[in-house]
Amino acid sequence: MVIVSKDERLLGNTLDALKSFVGQIIHEVLVVDASNGALDDIRLSHEWVRWIDYAQPLGARTTIPHQRNIGVRLAEGDIIVFTDSGCLPEDGWLERLLAPIVEEGEFVSCGPARAIGKSVYSGLNRWGNANANYVPMATTINLAFRREAFEAVGGFDESFGSAEDVDFTWRLTDCGYRLRWVKDAVVGHDWGTPKRQLRRAFFYGKGGCRLLKKHPHRIGESAKQNSVPMVYALFLLGLPLTMKWRWYPLVLLWPIWRQRDKELPWLVLLDHLAMGAGVLYELVRPDT
């Protein structure tokens, strides 16, 4: 089990929830920590965790994919499981997630995340049809794979600041691996404060744009699955039209009306705008 962390205080809750699996299903839990000591109290209270201090490479602009690669390469097992800080497993989660790999010969399995508390992601966050046996992409919030699959695609792309997990699973499918969907292997996840959710949305937009720059053949497929980042990027790009047509911002009334039944409709709208801003930022940012 590999978890990467920088400053997530909810890591302690996740580790507490995983402890019962250690020695039963999990051989070891590795935390790859980039907090520079800020989480030492959590480290000291979880002495059974294999803690790996992470120092950002000189000149590197990102950390998460580096951390993920280090975690996999230092792990001792053949089957690697990823989840995130702030995640809490629901009943039967790990047994169900691993069953396709251990019992059926699959190489990759993934499952949904259920939001804890109110957030943009309230309800089950699924990739693709909930009843499908396989899905086109997955994230590391709830993912297991054999080391062979990881090595086959060269691990996570360390040039990504976010969405490196989707890139990883896209490359897996490009190499012929299938992503087995386990709909009843569920983790709960605390997405944090609205401010943190909006910050995350901006990085999701950046990462999603970088994904499509790297995988242009997937633009059509991606637009069908989730057109939100592109649509809101176009809206923001068109804001200068307000100088001529002052009613232009009123087009947001349509998505506001559509989101009226959501728990936090205003946060959904701001989330989408932040995502669109992330797309535009990535488009104009020079490649390095």
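In this report, the structure presented in the accompanying data block is examined. (Residues numbered from 1 in each chain as written. Predicted model: local features only at pLDDT ≥ 70, side-chain atom pairs only at ≥ 80, totals over all residues. Heavy atoms only, no water.)

1. Topic: the pattern of salt bridges
Inference 1: Applying the stated criterion to the full structure yields 19 salt bridges.
Inference 2: Two residues, Glu106 and Arg178, come together in a salt bridge whose shortest N-O distance is 3.9 Å. Placement of Glu106 in the loop between α4 (93-104) and β6 (108-110) and of Arg178 in the loop between α6 (164-174) and β11 (179-181) is noted, with a sequence separation of 72 residues between them.
Inference 3: With a relative accessible area of 9%, Glu106 lands in the buried category.
Inference 4: Arg218 is the salt-bridge partner of Glu221, the closest N and O atoms lying 3.5 Å from each other.
Inference 5: Overall, the relative accessible area of 29% leaves Glu221 in the partly exposed class. (Salt bridge = Lys/Arg side-chain N within 4 Å of Asp/Glu carboxyl O. Helix = DSSP H or I, 4+ residues; strand = E, 2+ residues; numbered from the N terminus. Buried < 20%, exposed > 50% of the residue type's maximum accessible area, 1.4 Å probe, protein only.)

2. So, helix α9 (residues 228-237)
Inference 1: Where α9 is concerned, the buried positions are Pro229, Tyr232, Ala233 and Phe235. Along the long axis of α9, the arc covered by the buried residues comes to 160 degrees, so they all point the same way. Residues of α9 that are exposed and point over 90 degrees away from its buried face: Leu234 and Leu237.
Inference 2: Each element contacted by the buried residues of α9 is listed here: α10 (253-258) and α11 (265-284). (Arc of directions from axis to C-beta. Contact = heavy atoms within 4.5 Å.)

3. Let's talk about the packing of α9 against α11
Inference 1: Following both chains from N to C, one finds α9 and α11 inclined at 80 degrees, their axes separated by 7 Å at the closest point. Judged by the angle between their axes, α9 and α11 are roughly perpendicular. Every residue of α11 that contacts α9 at Val228, Pro229, Tyr232, Ala233, Phe235, Leu236 and Leu237 is listed here: Leu269, His272, Leu273, Met275, Gly276, Ala277, Val279 and Leu280.
Inference 2: For the contact of α9 with α11, the class distribution of residues is 13 nonpolar, two polar and no charged. (Axes fitted to C-alpha atoms, helices over the stretch in contact; angles between N-to-C directions. Parallel < 35°, antiparallel > 145°, perpendicular 65-115°, else oblique. Nonpolar A, V, L, I, M, F, W, Y, C, P; charged D, E, K, R; others polar.)

4. Looking at the nonpolar core
Inference 1: Counting 28 residues, the largest nonpolar core has Met1, Leu11, Leu15, Trp51, Val81, Trp93 and Leu94 as its most contacted members.
Inference 2: Mapped onto this core, the elements with two or more residues apiece are α1 (11-18), α4 and β7 (113-115).
Inference 3: Here this core gets five residues from one element, more than from any other, and that element is α4.
Inference 4: Apart from the residues lying within four places of it in its own chain, the contact partners of Leu11 are Ile3, Ser5, Val31, Leu39, Ile42, Trp51, Ser85 and Gly86. (Core = buried A, V, L, I, M, F, W, Y, C linked by side-chain atoms within 4.5 Å.)

5. With respect to empty space enclosed by the protein
Inference 1: Scanning the model with the defined rule gives one cavity of 30 Å³ or more in all.
Inference 2: By volume, the largest cavity is sized at about 30 Å³.
Inference 3: Together, Thr14, Leu18, Thr83, Cys87, Leu88, Pro89, Trp93 and Val187 line the largest cavity.
Inference 4: Among the secondary structure elements, those contributing two or more residues to the lining of the largest cavity are α1 and β5 (87-89).
Inference 5: Considering every element that reaches the lining of the largest cavity, the biggest residue donor is β5, with three residues. (1 Å grid on protein atoms, 1.4 Å probe; cavity = no way out; pocket = protein on both sides within 12 Å on 5 of 7 lines; lining within 4 Å. Points joined across faces, edges and corners; volume = space filled by probe spheres on them.)

6. A closer look at the packing of α6 against helix α7 (residues 194-214)
Inference 1: For the pair α6 and α7, interaxial distance at closest approach is 10 Å and the crossing angle is 30 degrees. By the criterion of interaxial angle, the relationship of α6 to α7 is roughly parallel. The element α6 and its partner α7 pack so that their crossing is right-handed. Side by side, α6 and α7 meet where Val166, Asp167, Trp170 and Arg171 of the first sit next to Leu211, Leu212 and Lys214 of the second. (Left-handed = near helix turned anticlockwise from the far one by under 90°.)

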